[in-house]
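# Commentary on secondary and tertiary structure
One-letter residues, chain by chain:
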Amino acid sequence: MRIVVLGAGFGGLELTTRLSAALGGEVDIVLIDASDTFVFGFSKLDVMFGRSEPAAVMHPYGDVVKPGVRFVGTTVRSIDPEARRVETDAGSFEGDVLVVALGADLDPAATPGLVEDGHEFYTVAGALALRDVLPRFGGGRVLIAVASLPYKCPPAPSEAALLMHEYLSDRGVRGDSEIALTVPMGAPVPPSPEASEALLAAFAEHGIRFEPNRRLRALDPARKVASFAEGAEIPYDLFLGVPVHRAPDVVVAAGLCVDGWVPVDPGTLETRYPGVYAIGDVANVGTPKAGVFAEGQAATVADAVIASVRGQGTAVEYGGTGTCYFEFGRSLVARVDITFARGKPPAGRLEGPSAALAPQKAAFATSRVRRWFGRS
Ligand SMILES: Cc1cc2nc3c(=O)[nH]c(=O)nc-3n(C[C@H](O)[C@H](O)[C@H](O)COP(=O)(O)OP(=O)(O)OC[C@H]3O[C@@H](n4cnc5c(N)ncnc54)[C@H](O)[C@@H]3O)c2cc1C
């Protein structure tokens, strides 16, 4: 059996690791990614604030050496879901099972003025650019704004605001600065009222202005103001945006998307095409776009493939459970364990923020690096 996995992010790496561990050389697993390295989303915050060296957070795919797995570094150009075949710059690949784990693309150009006068911290390039810009920022109005829903890791903009407070305080320019955060929803993390309350308390403590229900429309670089669909304007000297997210063009062109993302059976992650699955940010599963959920979905697909190879009947359905860690600044970390069960409101539990949780978050990353890349 051949399993072709498109995308070696959280979802693709977890899936291939599990398949290799269970089936080793019994199956042929092809893992395709256009990038040379994997970078955790949260490492981008560390890079932009100078907390980590870029080289330390880049994990080369050349290190993925696992029984049965062949990593192919190439770009997927087209997907034929009926034939479970893809065309890439390195030729075509056909599978008995095809898993689309290509994540979400960013479209900064969809927000007028953002590319010209703003910054983003959702890509490695954006984080690296900010790493150069921030030390030269002598204080002023910092505006962090989310362009649209859905976006990856709903707490990340709140973390950016709190880490910005810490960064500017340490540089002695916080007194000359204002920090504002806008989001297009009613709370920082709507599925977890407890986490939202903790974040709002931290914003109040640190003088961070939080504006919910703001849909960013455009930046006016000449006037240095951001305008919002609701009619409001907020001035800025330094603008950090979370750009519009979209399914990658190749997925849209394959006809796999409905309302922007790939619909799947939320229990099995299978698309309407037999043997074709979609996991992680590219899929519409009913969970937030976050690595932990991509990982859980990968585990479900792995179980189904393993059960089918072993002839062991059906696998357990995806449960929508994940653990998220949030940075509050000054090495304080909170943890939310949350479940998005079908037909029920999300149920979660907040722990922290506390210094004791910081090593747990670090262990979350190192344990994945060890399993996915075979080293710590
Ligand atoms: C600032 C920030 C902080 C975050 N913090 C957290 C956190 O604390 N916890 C958490 O769980 N999540 C966090 N996330 C979210 C997390 O990074 C994503 O949700 C997760 O990476 C999604 O996994 P995925 O496998 O769906 O896609 P990705 O990890 O994005 O992987 C998709 C892969 O597909 C490849 N690809 C795309 N198109 C092509 C193509 N045409 N051909 C070949 N390859 C292609 C890409 O190179 C990429 O490697 C954060 C994100 C950001 C930006």
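The notes below deal with the structure included here. (Residues numbered from 1 in each chain as written. Predicted model: local features only at pLDDT ≥ 70, side-chain atom pairs only at ≥ 80, totals over all residues.)

### Quick word on the overall build of the protein chain
For the protein chain, the helix and strand inventory stands at ten helices and 25 strands. Taken over C-alpha atoms, the radius of gyration comes to 21 Å for the protein chain, in line with the 21 Å a tight globule of 376 residues would show. Taking the principal axes of the C-alpha coordinates as reference, the protein chain spans close to 65 × 45 × 40 Å. The proportion of buried residues among the 376 residues of the protein chain is 46%. Restricting the contact set of the protein chain to residue pairs at least 6 apart, pairs at least 24 apart contribute 65%. (Helix = DSSP H or I, 4+ residues; strand = E, 2+ residues; numbered from the N terminus. Rg over C-alpha atoms; globule rule 2.2 N^0.38 Å. Buried ≥ 20, exposed ≤ 12 C-beta atoms within 10 Å, placed from the backbone. Contact = placed C-beta atoms within 7 Å.)

### Thoughts on the site of the ligand
Around the ligand sit 36 residues in total, of which G7, G9, G41, G103 and G280 are the nearest. Taken together, the elements giving at least two residues each to the shell around the ligand come down to helix 1 (10-23), strand 2 (28-33), helix 2 (41-48), helix 9 (291-310) and strand 23 (321-329). Top contributing element to the shell around the ligand by residue count: helix 2, with four residues. Of the residues that constitute the shell around the ligand, the class distribution is 21 nonpolar, ten polar and five charged. In terms of domain composition, the shell around the ligand takes at least three residues from each of domain 1 (2-104 + 247-319) and domain 2 (108-243). (Near = placed C-beta within 6 Å. Nonpolar A, V, L, I, M, F, W, Y, C, P; charged D, E, K, R; others polar. Domains from an automatic or database assignment.)

### Brief notes about helix 7 (residues 193-206)
One full turn of an α-helix is made of 3.6 residues, so residues set three or four places apart face in the same direction. Its 14 residues give helix 7 an end-to-end C-alpha distance of 20 Å, which sits within 8% of 20 Å, the value for a rise of 1.5 Å per residue. Regarding helix 7, the residues found buried are A195, S196, A198, L199, A202 and F203. The buried side chains of helix 7 occupy one side of the element, clustering within an arc of 165° when seen end-on. When the buried face of helix 7 is taken as reference, the exposed residues oriented beyond 90 degrees from it are A201, A204 and E205. As for helix 7, its buried residues are in contact with helix 6 (156-170), strand 14 (208-211), strand 23, strand 24 (332-339) and strand 25 (347-354). (Expected span 1.5 Å × (residues − 1). Arc of directions from axis to C-beta.)

### Quick notes on the sheet that holds strand 1 (residues 2-6)
Taken together, five strands build an open sheet; the order of strands is 5-2-1-9-21 and the sheet is parallel. Edge strands, defined here as strands with exactly one partner in the open sheet, are strand 5 (69-73) and strand 21 (276-278). Put simply, the sheet's adjacent strands are angled 15° from each other on average, direction ignored. In this structure, strand 2 lies alongside strand 5, joined through five bridges in parallel fashion. (Pairing = 2+ DSSP bridges. Axes fitted to C-alpha atoms, helices over the stretch in contact; angles between N-to-C directions.)

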